[in-house]
Amino acid sequence: MKQLFRGGRRKVAAVMAIALVASLSQVAPTNAAEKPKAGGTLQVGIFDSFPGYCMADNLANSALMAGRTIYETWVEQRADGKIVPYVLSSVENSADFKSWKMTVRDGVQFHDGTPVNGDALVTNLQALRGALTLLGKAPSPGTAGGFTANIVDVVKVSTNTVQVNLYRPQVDFLETLYASGRFFVRAPSQILGGAKCSTTPIGTGPFKLVSTKLNELVVAKNPNYWREDANGTRLPYLDGITFTFLVETASRVSGLKSKSLDIAMFTSAGEVKQIRDLQKNKNVTVIESPEEYYPSIWLNNRIAPFNSKNARLAVSYAIDRVDYNKVRNRNYVSPAKSIVGPNNIMYNEKGFIQYDLKKAKEAAAAYKAETGKDLEFSFPYTAGSTESLANATQIQKYMTAAGIKMNLLPLTTAEIIQRAFPQQFQAMALLLMEGTGTAFIAPFVISDTSGGNQSHILRKTPRGALWHSQPVGVH
Amino acid sequence: MLYGILNLSAFTDTVSEELIWQAKATANAAARKKVYARATEQIQKEARLTTISYQKYALAYRTNVKGVGELGLVNGGARKLMTNFGIDFTGVWKSGK
C-alpha cells in the first residue's frame, strides 16, 4: 500500500497525531479585529427544494449546500482541487490503484450519539453500491449505484479501517468517494431506518435537523460537533439556519434588500441580471464559483433521429454558441469550446463541433439522403418557466436557420426527470457534468460504469428494482 | 443496463470508453490528462452530446454575515470558497447588528 498525501508508513502515526491536533485548531479569521461571535441565526434563500435525504434523494446545488450543514463527507476538496481526508483520517492505495484502505478519524460521532467507525463506513459504502438494497436492508441507492459500480467489495479490516477493492484501477477513486460533495457520511440508523431514511437526516455535521419539508430545512447547532476554532471554541458559531426554497429570483433579491434574508444563492442560468445588480449593492457581498459546471445538450444516440451521426452533427453545427451566450447569458460566462470547461482534466478543443451554418445545412441534407426524412426532433422545457422557454426558443431559432425542425415540448420538472434517465427524450438540456476531475464527468459519457465486470452484484438486477426517479445535480 | 443509466445520450463508444478507463489507471498526471483529452476528442468528433456555454453560481450575503471562507480544512488548506453547493457554514458567524 502507498500512503496517499504523506511520506510513508513510518510517518503515519506522527502525522495522524498532528492531524488530530490540527483538527482542533483550524480557524484563522483574516480580520483579527473581528472576533467571531457565537449565537444568532441566519435566513438563507435558495433555488432548489428538498426531495429527501436518503441515497437516491439527490439534493441539487443550493439544497445541497443546506444538506451539507447536517452532513459531512469522508473526504473533502481543497481549493486547489485535491481531494483530501476529512471524516477519514488517512487513505492508502495499492500500487496498482485497485485497493484503497481508509481509516476513520477518532472522536467523531453522529447526531444520534453513535460513533463514526469502520462499521459505519462499510454501511455507507454498501448502501451506495446497492449491496444493502439487494439484502432488503436499505432503500435504493439511486444513481449512486452507477457511480460506485467499479467497487468489487468493501471489507472491514479493523475497528476503524476499511478496504475497498476495485474492478478497474482508479487513480482518482477519492473523487468518486467525494462525488462532488454528495456522498455524505450518513448514520447507519438512518440508512437502515426504512422510510425514515428519506425524512430524517442524521450526519456528523456542525448542525442537526430541526425540521424539513419540500421547501424548507431548519437546522440547529450540533453541541457535540468535533471541530474547534483556533481559540478552542467549539464550532459552529451560529445557533441555527433556516434555508427556504424561493423559486422566484425576485423573492431572493427582495429578501436580501429588505433584510428578511441574510444570504441568497443564484445561478448564471437565467439570473445574471440579478447577480449583476447585487454586485453593485454596497450592503451585500457577492462571491462566485468558477465556471466549472457544464450544461449539456444530450442527443439520444439510441433512437432516431440522433442514432444518425449526420443528425448529431447538424444540430451541433447549427448552435451559435457565441450568440446564445450573449443573448441568454449576457456574456456572464463563456461559450463552450469543449464539452467540459478549461479547468477540467478532460478539456480538449479538438473535435468539438463549433457553429457553422453551412455545415449544419449540409449535415441535415446528408441526414435526409440517408433516411429519406427531414431532420426533426422534440425538445422538452419546463412548462411555466419563462427562462426555460426562452432558452429553448433561442435554440429553436438556430435549428430553424439550419432547416431543422425542433418541436418544443412543455413538461413539468417531474415529468422531465421521470423520462430523462430512462433515456426517453430525443434530445434534452441538462446540467450533469461538473468539476475539475472526472468523477462527475465519466459516468455520464460511458456505457458501463462497472468497467465490464460481468460478476458485479447489480449485473442481473433489473434497473427498475433499484432506480428512483431523482436525478443527480439537476436544477 | 444500470451501469449506463447516467449516460443520457445513451451511447456506447468503445474507443472513448477504453481511453477513459486507461486514463483512470495512469498514475502520471500529465500522461493521464493526455489520455483523457483523446477520449474527449473522440466523443466530440462523434457529436455524442454538445455544450453551448458553461455555468457558474453566485452567493450574496449581507454585511452582518462574517467568516465566509475563513475556516480551513481539518488537515490544513482552504476549501473552495464557492461552488454549486454554495459555501461551508461551519465557521460562519453573525455580527450583532
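Residues numbered from 1 in each chain as written. Chains lettered and ligands numbered in written order. Predicted model: local features only at pLDDT ≥ 70, side-chain atom pairs only at ≥ 80, totals over all residues. Heavy atoms only, no water.

Side note on helix α2 (residues 61–70) of chain A
Argument step 1. α2(A) sits mainly inside the fold: 10 of its 10 residues count as buried.
Argument step 2. Among the residues making up α2(A), those that are buried are A:N61, A:S62, A:A63, A:L64, A:M65, A:A66, A:G67, A:R68, A:T69 and A:I70. (Buried < 20%, exposed > 50% of the residue type's maximum accessible area, 1.4 Å probe, protein only. Helix = DSSP H or I, 4+ residues; strand = E, 2+ residues; numbered from the N terminus.)

A few points about the domain arrangement of chain A
Argument step 1. In terms of domain boundaries, chain A breaks down into domain 1 (19–70 + 205–261), domain 2 (75–191) and domain 3 (296–471).
Argument step 2. Centre-to-centre, using C-alpha coordinates, domain 1 of chain A lies 34 Å away from domain 3 of chain A. (Domains from an automatic or database assignment.)

Remarks on the nonpolar core
Argument step 1. Within the largest apolar cluster, 75 residues are counted, with the highest numbers of intra-cluster contacts made by A:M65, A:F243 and B:F89.
Argument step 2. Counting the residues that make up this core, at least three belong to each of domain 1 (19–70 + 205–261) and domain 2 (75–191) of chain A.
Argument step 3. Beyond its immediate stretch of four places on either side in the chain, B:F89 contacts A:L42, A:V44, A:M65, A:T69, A:F207, A:I241, A:F243 and A:I263.
Argument step 4. Membership of the second largest hydrophobic core comes to 50 residues, among which are A:A127, A:F183, A:V445 and B:L19. (Core = buried A, V, L, I, M, F, W, Y, C linked by side-chain atoms within 4.5 Å. Contact = heavy atoms within 4.5 Å.)

Considering the pattern of salt bridges
Argument step 1. Under the counting rule described, the total for this entry stands at 23 salt bridges over all chains.
Argument step 2. Its salt-bridge partner being A:E434, residue A:R182 comes within 3.2 Å of it at the nearest N-O pair. One end of the pair, A:R182, is in the loop between α6 (173–178) and α7 (188–191); the other, A:E434, is in strand β17 (residues 427–434), and 252 residues separate them in sequence. For the pair shown, A:R182 and A:E434 are each scored as buried.
Argument step 3. Residues A:E288 and B:K56 are paired through a salt bridge, measuring 3.6 Å at the closest nitrogen-oxygen approach. Of this pair, A:E288 sits in strand β13 (residues 284–288) while B:K56 sits in the loop between β1 (49–51) and β2 (57–62), which puts the two residues in different chains.
Argument step 4. Take B:K56: its relative accessible area is 11%, and that puts it in the buried class. (Salt bridge = Lys/Arg side-chain N within 4 Å of Asp/Glu carboxyl O.)

A look at the interface of chain B and chain A
Argument step 1. Every contact between the two is made by 79 residues of chain B and, on the other side, 153 residues of chain A.
Argument step 2. Here chain B meets chain A over a buried area of about 10400 Å², counting both sides, of which 59% is carbon and sulfur.
Argument step 3. There are nine salt bridges connecting chain B and chain A.
Argument step 4. The partner of A:D262 in a salt bridge is B:K94, and the shortest N-O contact between them spans 4.0 Å.
Argument step 5. Applying the counting rule to chain B against chain A returns 58 residue pairs in polar contact (both at pLDDT 80 or more). (Buried area = accessible area lost by both parts, 1.4 Å probe. Polar contact = N/O pair within 3.5 Å; in protein donor to acceptor, adjacent residues only side chain to side chain.)

Some points on the pairing of strand β12 (residues 263–267) of chain A
Argument step 1. Where burial is concerned, most of β12(A) is hidden: five out of the five residues are buried.
Argument step 2. Covered by surrounding structure in β12(A) are A:I263, A:M265 and A:T267 together with A:A264 and A:F266, the residues of both alternating faces.
Argument step 3. Two elements, strand β2 (residues 41–46) of chain A and β12(A), share two bridges in a ladder whose sense is parallel. From the neighbouring strand, A:G45 faces β12(A), where its bridge partner is A:A264.
Argument step 4. Where β12(A) meets β2(B), five bridges bridge the pair, whose relative direction is antiparallel. Looking at the pairing, A:I263 lines up with B:Y61 of β2(B). (Pairing = 2+ DSSP bridges.)

Considerations on unusual backbone geometry
Excluding glycine, a negative phi dihedral is what most residues carry, and trans is how most peptide bonds are arranged.
Residues and elements named next belong to chain A.
Argument step 1. In the segment running from L235 into P236, the intervening peptide bond is cis, with an omega of 0°.
Argument step 2. Locating P236 in the fold gives a position in the loop between β10 (216–221) and β11 (240–245).
Argument step 3. P305 follows A304 through a cis peptide bond whose omega is 5°.
Argument step 4. Considering the arrangement of structural elements, one finds P305 in the loop between β14 (293–299) and α11 (309–318).
Argument step 5. For N61, which is not glycine, the phi torsion reads 40° and is therefore positive.
Argument step 6. Position of N61 among the secondary structure elements: in helix α2.
Argument step 7. Take N61: its relative accessible area is 1%, and that puts it in the buried class.
Argument step 8. The phi angle at N331 is positive, at roughly 60°, despite the residue not being glycine.
Argument step 9. Topologically, N331 is positioned in the loop between α12 (321–329) and α13 (357–371).
Argument step 10. Classification of N331 by relative accessible area gives partly exposed; the value is 47%.

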